[in-house]
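Chain residues, written in single-letter form:
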Amino acid sequence: MEPSVLLLSSPDDEGIRDVQKKIVASGVPTLLVDTSSPFNSPDFSIRITPQAESVQIVGKDFVFDCSQLRSIWLRSVNCLSFRLAEKHGLTEAESHFLINDYIEFLCGALRVLGTRTFVLNSPDRSMSSARKMWQLQTAATLGFIIPRTLGTKNFGELMRWLASEKIERVAVKTSRIGGYWTLEDGKEVLNRIYTSVFSLEELELERESIGTVSATYQEYIAKKIELRVTVVGDEVFSCAIDNQNSSNPNVREDWRLVDADSEMRCYEYPLPVHIKERCINLVRLCNLHFGCIDFILTPEGEFVFLEINASGEWLWIKRWDAALAEKISAALANLLVNPPPHISP
């Protein structure tokens, strides 16, 4: 039986595997193609006829027409320069060229396929919506409260801004979501870059490093809890992250640093209707069908928008609230099996 849902990701992605199981259980056949690096999927190709009458996807053991597909999900593209350089004897320049060319191939292929079938988060749209400054501006136009924010690598400008805004503590973030890989004892290690909080005195000690890289600086917002809001189509799932009673001060600032389940609690949180509606509208303005939105809920009850991630994770919720994680996976499976009316990108 020809697959109806095409999944493009790494086979190690637990989230996509969880969704795939639910799709198959509903009686809809799927195909998972490993697109995690140029060397993992050498047989993944796309054919376009001169008259543009058909688009075919060609793999090692399959050829099928895109018109047979209900939907496609490009979950992630995880190709990294040092891995290619180490494993295939490439220089850094060669690695960067190959990676960028491969990403362009995938983006181009998905744009073509998107003219024929539903694509869950076009890579073009995912990348364009990933810019944090644009996210903040767009969220503000929808009525969300956002932190006062500065993007800079100029230490003097940073200190002038903090003084003019009377900000005494600042949260420092990268300009994009992610991290970097290193090779340690022959093993690949992902070094994630987490949010850090600095006082004015601590910033002075970092004067030289601040001048070497652009970063995003935001006023420190006091937290009652944090919220991870996952939007799937028109469905909204909200998870409270209660990390303020942790004995680890780093976990209180960035819950992703948690080690023990007892360091924080997570549970489904009832959002006000107007916040739900704004979350759906934000995802639509980003031209996405799926997005994970992070908020701070202040002690005064204000919802402060932080960012949206078009490739956000949700299975981590399972450690504390398996039922909520299950709902999100089921909603993603349903969206891929029963996609909305197709609109070409």
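Rules used in this analysis
- Residues numbered from 1 in each chain as written.
- Predicted model: local features only at pLDDT ≥ 70, side-chain atom pairs only at ≥ 80, totals over all residues.
- Heavy atoms only, no water.
- Helix = DSSP H or I, 4+ residues; strand = E, 2+ residues; numbered from the N terminus.
- Buried < 20%, exposed > 50% of the residue type's maximum accessible area, 1.4 Å probe, protein only.
- Contact = heavy atoms within 4.5 Å.
- Areas by Shrake-Rupley, 256 points an atom, 1.4 Å probe, with all protein chains shown as cover.
- Lys, Arg positive; Asp, Glu negative; His and termini not counted.
- Salt bridge = Lys/Arg side-chain N within 4 Å of Asp/Glu carboxyl O.
- Polar contact = N/O pair within 3.5 Å; in protein donor to acceptor, adjacent residues only side chain to side chain.

Asker: Give me the overall build of the protein: which residues, what numbers.
Answerer: In terms of regular secondary structure, the protein is built from 11 helices and 18 strands. Expressed as a percentage of its 345 residues, the buried residues of the protein come to 47%. Of the contacts formed within the protein by residues at least 6 apart in sequence, a portion of 68% connects residues at least 24 apart. Of the roughly 17300 Å² of accessible surface on the protein, 50% is carried by carbon and sulfur atoms.

Asker: Tell me about the side chain of D321, and name the residues and values.
Answerer: As for its position among the elements, D321 is in the loop between strand 18 (303-309) and helix 11 (322-337). Despite its burial, D321 remains without a salt bridge, the nearest opposite charge being carried by K327 at 7.2 Å. Polar side-chain contacts of D321 include one of 3.1 Å to the backbone nitrogen of L324. Discounting chain neighbours no more than four positions away, the residues touching D321 are C266, Y267 and E268.

Asker: Break down the environment of L282 for me, citing the residues and quoting the values.
Answerer: For L282, the location among the structural elements is in helix 10 (residues 273-285). What makes L282 buried here is its relative accessible area of 1%. Put simply, L282 and V231 are 51 residues apart on the chain and 9.6 Å apart in space, counted from C-alpha to C-alpha. If near-sequence neighbours (up to four positions away) are discounted, L282 is found in contact with T138, A139, L142, F144, I293, F305 and I308.

Asker: Would you mind going over the pattern of salt bridges in detail, with residue names and values included?
Answerer: Here the idea is simple: oppositely charged side chains can pair when their charged atoms come close. Applying the stated criterion across every chain, the model contains 15 salt bridges. The salt bridge involving D18 is made with K22; its shortest N-O contact spans 3.5 Å. Here D18 pairs with K22, and both are found in helix 1 (residues 14-25), just four residues apart, close to one helical turn. What emerges from the salt-bridge pattern is a single network uniting D13, R75 and E313.

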